[in-house]
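Structural overview
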Amino acid sequence: MDPMEKIFGKTAQMTVLKNLIEHQNESTYLSGIAEETGLSHSSVSRVITPLIESGIVIEKPLGKQIRTFQLNMDSEATRLIIDFYNKINQILE
């Protein structure tokens, strides 16, 4: 079991956040996150909204209907989450 899951449980939002952290320097699509995590497109859409609203994730439109997502590396909260993720994985693995 993943160290983050041991602490926080396996939730859709945690799964999406973990996926974005693991690909922190890449933009991705909703369908890409869904495919990589095994979550439904609607679940990813539902749980990514609060991450966008909190400034942890940046949403960028690509054309009229396609949206891309990436961690907001300018956000102090994002940097703290990544630091916590890295440290907890080192300790618990």
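Keep in mind the model is a prediction, meaning the values are calculated, not measured. (Residues numbered from 1 in each chain as written. Predicted model: local features only at pLDDT ≥ 70, side-chain atom pairs only at ≥ 80, totals over all residues. Heavy atoms only, no water.)

1. Details of the UniProt feature "domain: HTH iclR-type" (unreviewed entry) in the protein chain
To keep things clear, this is the line we draw: UniProt positions are given in the numbering used here, feature names are shortened, and annotations may be inferred rather than shown by experiment. In this description a helix means any DSSP run of H or I spanning at least four residues, a strand means any run of E spanning at least two, and both kinds are numbered starting from the N terminus.
Under the feature "domain: HTH iclR-type" (unreviewed entry), the UniProt entry names residues 20-57. Annotated as 63% helix and 8% strand, the span residues 20-57 places its first and last C-alpha atoms 9 Å apart.

2. Topic: the packing of helix α3 (residues 30-37) against helix α4 (residues 41-53)
Operational definition: Fitted lines through C-alpha atoms serve as axes, helices being fitted only where they are in contact, and the angles separating the N-to-C directions of these axes extend from 0 to 180 degrees. Should an angle lie under 35 degrees it is considered roughly parallel, over 145 roughly antiparallel, and from 65 to 115 roughly perpendicular; all remaining angles are considered oblique. Crossing chirality is assigned from the near helix's rotation relative to the far helix, an anticlockwise turn below a right angle marking it left-handed and a clockwise turn marking it right-handed. Contact criterion: two residues are considered in contact whenever any of their non-hydrogen atoms come within 4.5 Å of each other. Any residue outside Ala, Val, Leu, Ile, Met, Phe, Trp, Tyr, Cys, Pro, Asp, Glu, Lys and Arg is labelled polar, Gly included; the first ten of those are nonpolar and the last four are charged.
Viewed as axis vectors pointing N to C, α3 and α4 meet at an angle of 110 degrees, and their least axial separation amounts to 9 Å. Taken together, the axes of α3 and α4 are roughly perpendicular relative to one another. For α3 against α4, the interelement crossing comes out right-handed. Taken together, the residues of α4 that come into contact with α3 (itself represented by L30, S31, I33, A34 and T37) are H41, V44, S45 and I48. For the contact of α3 with α4, the class distribution of residues is 5 nonpolar, 4 polar and no charged.

3. What to know about the pattern of salt bridges
This is how the line gets drawn: For this document, the term salt bridge refers to a Lys or Arg side-chain nitrogen within 4 Å of an Asp or Glu carboxyl oxygen. Burial classes: relative accessible area under 20% of the type maximum marks a residue as buried, over 50% as exposed, and values in between as partly exposed (1.4 Å probe, protein chains only).
Across all of its chains, the model carries 2 salt bridges by this definition. With a shortest N-O distance of 2.9 Å, E59 and R67 are connected by a salt bridge. Ionic pairing is found between K87 and D83, a salt bridge with its closest N-O pair at 3.3 Å. Separated by 4 residues within a single helix, K87 and D83 lie in helix α5 (residues 76-92), roughly one turn from each other. For K87, a relative accessible area of 45% corresponds to the partly exposed category.

4. What about the side chain of T15?
Of note, T15 is situated in helix α2 (residues 12-22). Residue T15 is classed as buried on the basis of its relative accessible area of 14%. When sequence neighbours within four positions are dropped, the list of residues in contact with T15 reads K10, T37 and L39.

5. Here's the deal with the pairing of strand β2 (residues 57-62)
Selection rule: Two strands make a pair as long as DSSP finds a minimum of two bridges between them.
As defined by bridge partners, β2 adjoins strand β3 (residues 66-71) across 6 bridges and the pair is classed as antiparallel. Bridging across to β3, I58 finds its partner in Q70. Hairpin remark: β2 followed by β3, antiparallel, with 3 residues in the connecting loop; positive phi at G63, about 85 degrees.

6. Focus on the side chain of T28
Considering the arrangement of structural elements, one finds T28 in strand β1 (residues 28-29). On the accessibility criterion, T28 (16% relative accessible area) is buried. Apart from the residues lying within four places of it in its own chain, the contact partners of T28 are L20, I33, R67, T68 and F69.

7. Focus: α3
Those residues of α3 that sit buried are L30, G32, I33 and A34. Close packing links the buried residues of α3 with α2, β1, α4 and β3. G38 lies just past α3 and shows a positive phi near 85 degrees.

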